[in-house]
Each structure stands twice: as C-alpha cells, then as structure tokens.
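Now for the letters of each chain:
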Amino acid sequence: MNVDPTRSDAEALATGRRSLLRPGDLHGQALRDALADHAEAWLAGRAAELGVVDGSGFALVAVGSLGRREMVGYSDLDLVLVHDDRHHDRLADVADGFWYPIWDAGIGLDHSVRSVPQAMKVAREDVTAALGLLDARFIAGDADLASLMTSSVRGLWRAEARMRLPDVIDSARARWDRTGEIAHRAEPDLKNGRGGLRDIQLLDALAFAQLTDGLGRFDPGRAESPLRTAYSDLLAVRTELHLVAGRARDQVRAQDADEIAAALDVGDRFDLARVISHAARTTSFAVDAGFRTAQNAVGRRGLSKLRRMPLRRPLDEGVVEHSGEVVLAKTATPSTDPGLVLRVASASARNRLPINGQALARLANYAPTIGEPWSAEDLSDLLVLLASGDDLVDAVEALDATGLWEKIIPEWPAIRDLPPRDAIHSWTVDRHLLEAVAYAGSLTTSVARPDLLLLGALLHDIGKGRGGDHSEVGADLVGPIADRLGLWPDDRRILVELVRHHLLLPTVITRRDVSAPETVAWVADRVGGDRVLVELLGALAEADSRATGPGVWNDWKATLVGGLVERVIDHLGGHVIPRPEPLAPEIVALAEAGGVQVNTARGDGPNMTAVTMIAPDSRGILSKMAAILALADLQAHSATVRTHAGSAVNTFVVMPTFGAPSDAVLLRQRLAAAVDGGVDVHAVLAKRTAERGAAARVGRAAVPGSRIAPSPRVRWLTADHPGQDLLELRSRDDAGLLARVTGALEHAGLDIAWATVATMGATAVDTFCLALPEQSDASRESVTKDVLAVC
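Residues numbered from 1 in each chain as written. Predicted model: local features only at pLDDT ≥ 70, side-chain atom pairs only at ≥ 80, totals over all residues. Heavy atoms only, no water.

Caption draft 1: Seen up close, the overall build of the chain. Helix and strand counts for the chain stand at 30 helices and 15 strands. When its C-alpha atoms are laid out on the principal axes, the chain stretches across 120 × 70 × 45 Å. Counting over 791 residues, the chain shows a buried share of 53%. Considering only residue pairs separated by 6 or more positions, the chain has 69% of its internal contacts joining residues 24 or more positions apart. Each charge sign in the chain was given a centre, from 86 positive and 107 negative side chains, and these centres are 3 Å apart. (Helix = DSSP H or I, 4+ residues; strand = E, 2+ residues; numbered from the N terminus. Buried < 20%, exposed > 50% of the residue type's maximum accessible area, 1.4 Å probe, protein only. Contact = heavy atoms within 4.5 Å. Lys, Arg positive; Asp, Glu negative; His and termini not counted. Charge placed at Lys NZ, Arg CZ, Asp CG, Glu CD.)

This is the structure we're talking about:
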C-alpha cells in the first residue's frame with residue numbers, strides 16, 4: 001500500500017504536540033521549550049526531505065512565538081520561507097511541502113514566502129510586519145540567506161524607526177482601543193491588551209532602535225527590570241490558559257481562572273487577578289514612559305539639535321516643565337526635601353503633564369520619607385494632588401510604579417491590585433479608591449470640609465484585604481494615618497468616623513423609611529450629632545457609588561441620600577453659622593497706630609508666613625491687598641479680615657509658589673502705592689495672569705478636560721447682626737481668586753465687615769459678612785451672579 005509521506009509527516013507533527021500537552025506532564029518553561037524543540041525538529045526534518053539545506057537558495061525562518069521560543073500549547077507556527085529568487089521552478093513545491101502537512105496536522109499557520117528584497121519592502125510598508133520580523137530566527141536551510149534577511153530587516157528598522165515612530169504609537173493605541181486595559185478588566189487579553197505581552201515586545205523593538213535610553217530600571221534590556229518579571233508572569237499565565245482551555249486563547253475567562261491559579265500555585269482566581277494586574281500596570285507605565293522617551297529622542301535628532309532648547313517653566317518649588325514633562329529643577333535636592341515627591345505629583349496632575357522617568361528615578365533613589373507629623377505644606381500638596389480629578393490617576397500610578405506612593409501611604413501595598421470580591425465593582429480596590437477621589441474632587445464645593453472628603457475618599461476602603469469588616473479595620477488604620485498627616489484631633493476623629501460609617505447612608509436608604517423621624521434621629525445618633533460628618537458621608541456615598549461601576553449611582557439614590565442628609569442636619573440644628581475670630585492684642589495695637597503697615601511672622605510650616613497688612617479702611621482695600629500678595633506669588637492658605645480703629649486689619653497665611661517670600665518692606669511699598677492710587681494692582685495682576693496663561697499654552701497640544709470640575713457655589717446665611725448677610729463661597733482656588741472675588745464685591749458697592757478665608761488643598765471656602773443695600777432675594781441673586789462670574 002502506498003503511504004502519503006505528507007500525511008505521515010502531518011500525523012507525526014500532530015501526535016508529538018498532543019503528547020506534550022497531556023494533562024499534568026509539562027508546564028511553564030519546560031513545556032514551552034519542549035514545544036519549540038518538537039516544532040524545530042520536525043521543521044528541520046521536513047526541510048531536509050525537501051532539499052532545503054545549506055547552499056540550496058532556500059531558508060526557513062521562524063518569527064512570532066517560535067522565533068522567540070515562547071511556544072504555548074496551541075500557538076500558531078509563524079514561518080517565513082526565504083528564497084534567493086533563483087529557483088522559481090521549485091518555489092511552489094517547497095512552500096507547499098512545508099505548509100500542507102502543518103495544515104493537515106490541524107495546527108495554526110501564519111506563513112509567507114519572501115525574497116530578501118520582498119521582505120525589506122514589506123517591512124518598510126507594514127510596521128506590524130517589521131516588528132514581527134525583528135524576532136526572526138533561523139530554523140533550517142541556507143543559513144547565510146537567513147542571516148542576510150534578518151540583518152537587512154533589523155538594519156532597516158534601526159535606520160527608519162525614528163521616522164516610523166508615529167505609526168508604531170498609533171498602531172499600539174488602536175490595538176488598545178480594541179482590546180482594553182488588562183489591569184482592570186475582568187477577562188483580560190494577555191497578549192494584545194494594554195499592558196500585555198505585545199507591549200513589552202514593542203518596548204524591546206524600541207530599545208533595539210536605541211530610542212528608549214533613559215528608562216532607568218524599566219529599561220527592557222536590564223535583567224533586573226520589573227518588565228522581565230511582568231513578562232514572565234504574563235507568559236506563565238498564557239501558557240496555563242492554553243492548557244486549561246484546550247485551545248488557542250489569549251483572554252482569561254472567569255471560569256478558567258481558579259484552575260490556572262492552582263496550576264501556577266498562586267492561590268485562587270483573586271490572587272491570579274492580582275498577579276495579572278500588577279504585571280499589566282508595570283508594563284503600561286513602562287510603555288508610556290518608553291513612548292515619551294522615544295518621542296523626545298526623535299525630537300533631539302538632526303536639525304532639531306540646532307534649535308533653541310525648550311524653556312524650563314516653573315511649576316512649583318523645585319519643579320519645572322521641560323519638553324512637555326515634569327522634571328526637577330536644577331537646584332532641587334531630593335535627599336533633603338521630603339515634600340518634593342508630593343510637589344512633583346501635584347504639579348503633574350494640575351498641569352496634565354507626565355513625570356519624567358529620570359526625575360522619578362532620582363526621587364525613588366534619594367527622596368526620604370516625609371517626617372511625622374507632616375507639615376501643613378505637605379498636607380496641602382497632597383490635597384492639591386487629590387483634587388485634580390481624573391488627572392491624579394496617572395500621577396499616582398507613576399509614583400506607585402516606582403515605589404514612591406507607598407512612602408506616602410505605607411498601608412497601600414495591602415490593597416494594590418486587590419481584585420473586588422463582587423461583580424458590581426469595575427476596578428481593583430486601589431484603582432477604585434483613586435476613582436472615588438476623582439469623583440470626590442467634583443464634589444468639594446458641596447461640603448464645608450473638602451479636605452476631609454478627599455482624604456476619606458482615598459482611605460475609605462483601606463481596610464480591605466485584611467480580613468474582618470473592612471469599615472472597622474479601615475477606621476483602626478486611619479487613626480494613625482491621620483496622626484501621621486498632622487490632622488488636628490477633631491479632624492482626626494471625623495476622618496476615622498467617615499471611614500467607619502462610609503456605608504451608613506447607602507445602607508439606610510435601602511432598609512429604612514428615610515422620611516421617618518425615628519430614622520433621622522437614629523442616623524443623627526450614629527454620627528454622634530456631627531453635622532459636618534453627615535454632610536461628608538453624603539458626598540462620599542456619591543463618590544464611592546460612582547467609582548464602583550455604571551448605574552450604581554442614580555437619581556433615585558441621589559434624592560434619598562441628599563434628602564436624608566438635609567433632614568439629619570435640620571434635626572441637629574441646621575448648618576453652622578461662621579463667626580469672626582477676635583483680634584489678638586498685638587494686632588489691635590498695630591491697628592490703633594494707624595497708617596500703612598506690613599508685618600510678617602512665621603507660620604505653621606517651614607515655608608508658611610503670616611502677613612498682617614494694615615491700611616486706612618476704605619472700599620477696595622481688601623482686594624488690593626489680595627492682588628499684592630498674588631503679584632508676589634504668595635498663595636493665601638487662610639485669612640482673617642477685620643476693621644479696627646478706622647483701619648483695615650487683614651492677616652493672611654501665605655506660602656510662596658517658588659523660592660522665598662517677598663519681605664515685608666517690599667510688600668509695604670506696593671501696598672502704599674496701591675493705597676495712594678499710583679499703581680492699579682488689579683490691572684497689573686490681570687495682565688500678568690494673561691501672559692502666564694499664554695506662555696503655558698505655547699507649544700502644547702490641547703488636552704481633554706478631566707472629569708467635571710467642582711462648580712463654584714454661593715450660599716447665603718443669616719448673620720448675627722441685623723442688616724448684615726453672610727455670603728459663603730466654595731470654589732476651586734487659584735492665585736488671584738480672592739482678589740477677583742473681593743473686587744467684584746467692592747465693585748458692587750458692598751462693604752465687607754469681616755471675612756474668613758480658608759484654602760483646603762485646591763478648594764477655597766470663604767465667608768464674607770456684607771451689608772447689602774437692600775435685604776431682598778433679588779439683591780442677593782445679583783451679588784451671587786457677580787461673584788460666580790469671577791470664579
């Protein structure tokens with residue numbers, strides 16, 4: 001009987017693979033090596049039968065997983081038959097002699113037949129093909145011919161990678177759009193998803209073209225690079241995925257996860273999800289940094305070397321923008337400046353700029369832990385970061401990838417990459433907390449204590465993954481955290497109770513009649529009669545729900561929670577009415593001396609200064625003082641505004657944006673000039689603000705807006721004295737806000753009897769005591785419009 005040799009070869013190929021994939025025999029690297037060895041041996045034997053030998057003018061080259069020797073259970077064979085363009089009469093027979101047995105064996109095949117010039121043409125025209133050919137490895141036949149093709153393609157890639165970088169980046173982003181982000185998907189695509197195997201292979205290709213110098217410890221060429229561990233973990237999961245699924249598959253399905261986890265000895269499916277998430281986040285961070293490094297390298301080549309170097313725009317003390325990245329100022333010394341990490345991160349989030357990789361490496365290597373308790377400045381920088389909306393996520397991810405975030409929040413590793421235990425949650429626990437903070441950022445003007453809202457959003461699930469009731473565990477953890485952050489005792493208590501009761505209101509609205517007086521009284525008792533706490537619980541319930549997943553927060557839930565909060569506050573006596581603090585005796589003495597005076601004293605933090613400005617009381621004096629401080633690049637963190645003995649007596653606690661604060665003599669000179677009318681400080685401030693805004697936009701692409709920013713809010717309260725009204729403003733803060741708001745009030749002909757100003761991170765909560773010309777809703781509405789127009 002005649003035996004078809006092609007059929008027997010196919011059976012040998014198929015039988016050999018099946019024997020290697022028998023359950024329980026081989027796993028991991030041993031399996032991948034055995035599969036590659038089997039495929040190579042079969043291909044070499046088949047090549048010999050077909051006369052594809054040294055000097056034959058034919059060569060068989062492997063690319064893809066076989067080229068990298070990363071064959072998993074049901075990997076396709078990716079092969080290129082290279083020919084020297086001399087034996088056209090044999091070309092079809094040789095090609096069919098390889099391809100048909102593989103097809104008959106039921107093995108996936110990606111094949112091509114190329115001469116060296118054809119391979120070069122394809123590599124030049126198709127960036128995906130070019131990247132694939134970089135993995136080419138000789139299997140059988142004419143070794144010199146194979147070497148000529150691989151060296152030619154690689155040389156072409158080195159020469160043209162800079163020119164083709166935009167196509168590479170566009171192709172990667174299009175792939176991410178199709179497959180999504182691995183780190184936070186329930187069923188991630190290990191190969192093609194963002195943060196997957198193909199991304200690390202892409203970084204290798206960029207490194208081969210010398211476009212990613214400067215990635216530091218994330219350089220894919222380093223043996224100790226976290227990318228190597230990430231790649232190994234993802235490849236190990238993919239190997240077991242094929243065995244469990246019994247077919248080629250790159251997406252980890254929920255029903256297969258426990259079996260894969262058991263095979264890898266990593267626990268259960270939740271532990272497996274944590275391994276995958278960590279590897280993907282490491283990869284995603286490295287790819288982002290690699291793309292920026294490559295783009296900067298391309299920009300510095302050729303004629304661009306002759307262009308003027310990009311300007312370094314100051315962003316904060318020790319922090320500047322350079323070439324579209326946040327970098328350290330030349331004078332910055334990380335080893336002696338613990339707060340520098342926070343300023344870098346907050347500058348990155350505020351300005352929507354990535355943090356330079358080398359800057360992160362310097363901080364990771366040299367930045368010490370912030371001393372305990374934190375200074376008011378360090379806490380303020382953290383709050384500014386947390387108030388940045390969606391933009392905080394990339395900044396925190398960058399810190400977390402380099403080990404810096406856990407220096408700020410040492411409790412973070414316990415929840416890092418921790419998967420949720422129920423399907424309603426869209427994110428890992430750590431990412432859920434950041435999403436909750438981002439949503440809370442849009443609610444900061446709805447509460448009296450936006451700083452505690454942001455901290456509560458960041459920490460409300462910090463107790464997860466430790467066993468027990470995560471609310472109670474979290475409350476126990478948050479107390480020491482609050483002490484470390486330097487919170488006042490009462491603020492510490494509120495934050496602890498905010499974490500302890502963060503599920504209180506959502507639970508009550510589903511189990512009780514929220515309109516019943518006994519329900520309102522019960523909730524009031526649970527929160528210890530604290531009106532600030534119940535207001536914070538309402539806002540945190542919204543942020544937490546929105547960050548959980550689609551549809552968790554809706555109009556019905558908003559109405560019930562909001563109504564319950566207002567009923568509890570009314571039950572407790574209504575909102576607190578602000579009152580001015582009495583003037584200190586030394587300030588009274590200065591006011592009675594009269595004239596124009598400026599005195600400074602040390603504030604609570606090393607860079608904070610209390611500036612007391614005194615001048616004859618007149619309409620417009622407060623806005624002039626605020627404008628003078630803004631022109632001196634002094635950010636007002638709090639202020640008390642009073643009058644005494646015919647003088648305006650205003651004390652501002654300020655911190656310089658950069659460098660040292662202006663001295664009292666210079667501030668007094670500017671105040672005197674403003675009082676005399678020789679200088680229009682408002683016009684000067686407006687001009688400088690416009691110039692700085694234009695300079696910041698030069699050369700920068702438009703960026704999408706982050707999640708909805710908090711809307712400014714005005715609330716009218718009843719003052720203690722007849723004929724006076726209290727206007728409470730809650731707004732996102734900036735350097736000139738106080739000057740603009742007070743200017744608007746003064747322009748409306750209003751006298752400001754007293755005021756208290758507080759900036760909590762990035763949110764201003766200011767109260768102004770006003771004497772309105774007429775006590776009417778229309779008058780208040782007109783003032784409200786004027787104030788909101790300048791916020």
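There's plenty left to go through after this.
Caption draft 2: How the structure looks around the sheet that holds strand S7 (residues 325-328). Strand order in the open sheet made by the three strands is S5-S6-S7, with antiparallel pairing throughout. Of all strands in the sheet, those with a lone pairing partner are strand S5 (313-316) and S7, marking the two edges. Direction aside, neighbouring strands of the sheet carry axes that sit 40 degrees apart on average. Inspection of the sheet shows strand S6 (residues 319-322) paired to S7 by four bridges, in the antiparallel sense. By the bridge assignment, Glu321 is partnered in S7 with Val326. (Pairing = 2+ DSSP bridges. Axes fitted to C-alpha atoms, helices over the stretch in contact; angles between N-to-C directions.)

Caption draft 3: Region of the structure containing the sheet that holds strand S1 (residues 58-63). A sheet is described by the order of its strands in space; here four strands give the open sequence S3-S2-S1-S4, paired in mixed fashion. In the strand order of this sheet, the two ends are held by strand S3 (109-115) and strand S4 (137-141), each with one partner. Pairs of neighbouring strands in the sheet enclose a mean axial angle of 25 degrees, with direction left out of account. Bridge count between S1 and S4: four bridges; the pairing is antiparallel. Among the inter-strand pairings, Ala59 is bridged to a residue of S4, identified as Gly141. Across the sheet, helix H5 (residues 116-125) is in contact with strand S2 (77-83) and S3; its angle to S3 comes to roughly 120 degrees. Sitting on the sheet, helix H7 (residues 143-179) is in contact with S1, S2 and S4, with an inclination near 50 degrees to S1.

Caption draft 4: Region of the structure containing the pairing of strand S15 (residues 763-771). In terms of burial, S15 is a largely internal element, eight of the nine residues being buried. Pairing between strand S13 (residues 725-732) and S15: eight bridges, direction antiparallel. Residue pairing across strands places Leu729 opposite Asp766, the latter belonging to S15. Two elements, strand S14 (residues 751-760) and S15, share nine bridges in a ladder whose sense is antiparallel.

Caption draft 5: Quick peek at the environment of Gly467. Inspection of the secondary structure assignment puts Gly467 in the loop between helix H18 (450-459) and helix H19 (470-485). As for Gly467 and Pro354, which are separated by 113 residues in sequence, their C-alpha atoms are 36 Å apart.

Caption draft 6: Quick look at the packing of helix H2 (residues 28-49) against helix H9 (residues 226-245). Close contact between H2 and H9 brings their axes to 9 Å; oriented N to C, the two are set at 70 degrees. Comparing the axis directions of H2 and H9 gives the class roughly perpendicular. Crossing angle aside, the handedness with which H2 passes H9 is left-handed. Contact with H2, carried on its side by Gly28, Leu31 and Arg32, involves Leu235, Ala236, Thr239, Glu240 and Leu243 of H9 and no other residues of that element. Considering only residue class, the contact of H2 with H9 consists of four nonpolar, two polar and two charged. (Parallel < 35°, antiparallel > 145°, perpendicular 65-115°, else oblique. Left-handed = near helix turned anticlockwise from the far one by under 90°. Nonpolar A, V, L, I, M, F, W, Y, C, P; charged D, E, K, R; others polar.)

Caption draft 7: Up close: the side chain of Ser65. Within the secondary structure, Ser65 sits in helix H3 (residues 64-67). Residue Ser65 is classed as buried on the basis of its relative accessible area of 8%. Among all residues touching Ser65, those that are not within four sequence positions of it are Glu70, Met71, Ser75, Asp76 and Asp78.

Caption draft 8: Summary view of the nonpolar core. One finds Trp157, Leu399, Trp405, Trp412, Leu458 and Leu564 to be the most contacted residues of the largest nonpolar core, which totals 138 residues. With 10 residues, the top contributor of residues to this core is helix H11 (residues 269-299). Sequence-distant contacts of Trp157, defined by excluding residues within four places in its chain, comprise Val127, Leu131, Leu134, Val168, Ala205, Leu206, Phe208 and Ala209. (Core = buried A, V, L, I, M, F, W, Y, C linked by side-chain atoms within 4.5 Å.)

Caption draft 9: Representation of unusual backbone geometry within the structure. That bond from Glu372 to Pro373 is cis: its omega, -10 degrees, falls within 30 degrees of zero. Secondary-structure assignment places Pro373 in the loop between helix H13 (357-366) and helix H14 (376-386). The phi angle at Arg69 is positive, at roughly 55 degrees, despite the residue not being glycine. Within the secondary structure, Arg69 is located in the loop between H3 and S2. The partly exposed category is assigned to Arg69, whose relative accessible area is 24%. At Ala645, a residue that is not glycine, the phi angle is positive and equals roughly 55 degrees. You can see Ala645 is positioned in the loop between strand S10 (634-644) and strand S11 (647-656).

Caption draft 10: Quick look at the pattern of salt bridges. By the definition in use, this model includes 45 salt bridges. Between Arg228 and Asp204 there is a salt bridge, with the nearest N and O atoms lying 3.2 Å from each other. In this pair, Arg228 is assigned in helix H9 and Asp204 in helix H8 (residues 197-208), connecting sequence segments 24 residues apart. The partly exposed category is assigned to Arg228, whose relative accessible area is 27%. (Salt bridge = Lys/Arg side-chain N within 4 Å of Asp/Glu carboxyl O.)

Caption draft 11: Inspection of the confidence of the model for the chain at higher detail. Residues at a pLDDT of 70 or more form 95% of the chain, whose mean pLDDT is 90. With pLDDT under 50 throughout, residues 301-308 is counted as low confidence; its partners more than four residues away or in other chains account for five contacts. Throughout residues 699-706 the model reports pLDDT below 50, and contacts reaching past four residues in sequence, or to other chains, amount to 11 contacts. (pLDDT = per-residue confidence, 0-100.)

Caption draft 12: Quick look at the pairing of S5. Relative to S6, S5 is paired through three bridges, and the arrangement is antiparallel. What sits directly across from Pro314, in S6, is Val320.

Caption draft 13: Up close: the side chain of Arg249. If you trace the backbone, Arg249 turns up in the loop between H9 and helix H10 (254-264). With no salt bridge to any partner, buried Arg249 finds its closest opposite charge in Asp256, at an N-O distance of 4.0 Å.

Caption draft 14: Region of the structure containing helix H24 (residues 555-571). Relative to the 24 Å expected for 17 residues at 1.5 Å per residue, H24 spans 24 Å between its end C-alpha atoms, a close match to the ideal helical length. Residues of H24 that are buried: Lys557, Leu560, Val561, Leu564, Val565, Val568 and Ile569. The buried residues of H24 all sit within an arc of 160 degrees when viewed along its axis, so they share a single face. Within H24, the exposed residues directed more than 90 degrees away from the buried face are Asp555, Trp556, Thr559 and Asp570. Among the structural elements, helix H21 (504-511), helix H22 (517-526) and helix H23 (531-548) are those in contact with the buried residues of H24. (Expected span 1.5 Å × (residues − 1). Arc of directions from axis to C-beta.)

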